[in-house]
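Chain by chain, the residues:
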Amino acid sequence: MNELKQLVKIQLDELIELIAPLENTPSKRDFVDQVIRASRSISNNFNEGFGTRMIGEKLKFFDYSKRSCREVMAMMDEKWFIKWCDSQRRVCLVEVLQMIDLQLYRMIQYWRKRR
């Protein structure tokens, strides 16, 4: 669980640093806003699910977090973004997102069995 918490924090920090140069690019403002919202949603929903004792609520928030993770991964795969950004940093961020996605999947399966 602690590893997942750390990964969730790392992905948000890395993403914000990676896209920082785009913040002042008017044509990319929508992308920047949406990818930051989705990245924060991973963290916010994970923490909300972690903080509740009700299994149904845990499942709901962990699922939201997983969906947001998938959204960020999809945005990282947009052609213009792949061409624009540092590919090594993007690949590392996508790997972190894939680890988060897998761990959330496992956690959701665990809590479904305990229902």
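Going along each chain's sequence as written, the residues are numbered from 1 onward. pLDDT decides what is reported in this predicted model: residues at 70 or higher carry local features, side-chain atom pairs at 80 or more are listed and counted, and totals for whole chains, interfaces and linings draw on all residues regardless. The basis for every side-chain value is the complete set of heavy atoms in the structure, and neither hydrogens nor water enter the calculation.

Q: Teacher, can you tell me more about the overall build of the protein here?
A: Scanning the protein from terminus to terminus reveals 5 helices and 0 strands. The globule rule used for comparison is 2.2 Å times the number of residues to the exponent 0.38, while the radius of gyration itself is calculated over C-alpha atoms. For the protein, the C-alpha radius of gyration of 15 Å lies close to 13 Å, the compact-globule estimate for 115 residues. Summarising its shape, the C-alpha atoms of the protein cover approximately 45 × 25 × 20 Å along the three principal directions. A simple rule labels every residue: compare its accessible area, found with a 1.4 Å probe on the protein chains alone, to the largest value its type can have, and call it buried under 20%, exposed over 50%, or partly exposed in between. Within the protein, the proportion of its 115 residues that are buried is 42%. In the protein, the share of contacts with a sequence separation of at least 24, taken over all contacts with a separation of at least 6, comes to 74%. Here the Shrake-Rupley method, with its probe set to 1.4 Å, supplies the accessible areas, and only the displayed protein chains count as covering residues. On the protein, roughly 7000 Å² of surface is accessible, and the fraction owed to carbon and sulfur atoms is 49%. Working definition: helices are DSSP H or I runs of at least four residues, strands are E runs of at least two. Numbering for both runs from the N terminus. Working rule for contacts: check all heavy atoms of both residues, and any pair within 4.5 Å makes them a contact.

Q: Teacher, can you tell me more about the nonpolar core here?
A: One recurring pattern in soluble globular proteins is that nonpolar side chains are buried together. The set of buried Ala, Val, Leu, Ile, Met, Phe, Trp, Tyr and Cys residues whose side-chain atoms join them within 4.5 Å is what this entry labels a nonpolar core. Counting 32 residues, the largest nonpolar core has Leu15, Val35, Val72, Met76, Phe81, Leu97 and Ile100 as the members making the most contacts within it. For this core, the elements supplying multiple residues, two or more each, are α1 (2-19), α2 (29-51), α3 (55-76) and α5 (87-114). Considering each element in turn, this core owes the most residues, 9 residues, to α5. Those residues in contact with Ile100, other than ones at most four positions away along the chain, are Leu4, Leu7, Val8, Gln11, Ile42 and Cys69.

Q: Is there a simple way to think about the side chain of Arg90 in this case?
A: Looking at the secondary structure, you find Arg90 in helix α5. Looking at Arg90, the relative accessible area reads 12%, which means it is buried. Here a polar contact is taken to be a pair of N or O atoms separated by no more than 3.5 Å, where protein atoms must pair a possible hydrogen donor with a possible acceptor and residues adjacent in sequence count only if both atoms sit in side chains. Within the structure, Arg90 has its side chain in polar contact with the side chain of Asp77 (distance 3.2 Å). Apart from residues no more than four positions distant in its own chain, Arg90 is found in contact with Leu18, Met76, Asp77, Phe81, Ile82 and Cys85.

That's the geometry; what it means functionally is another story.
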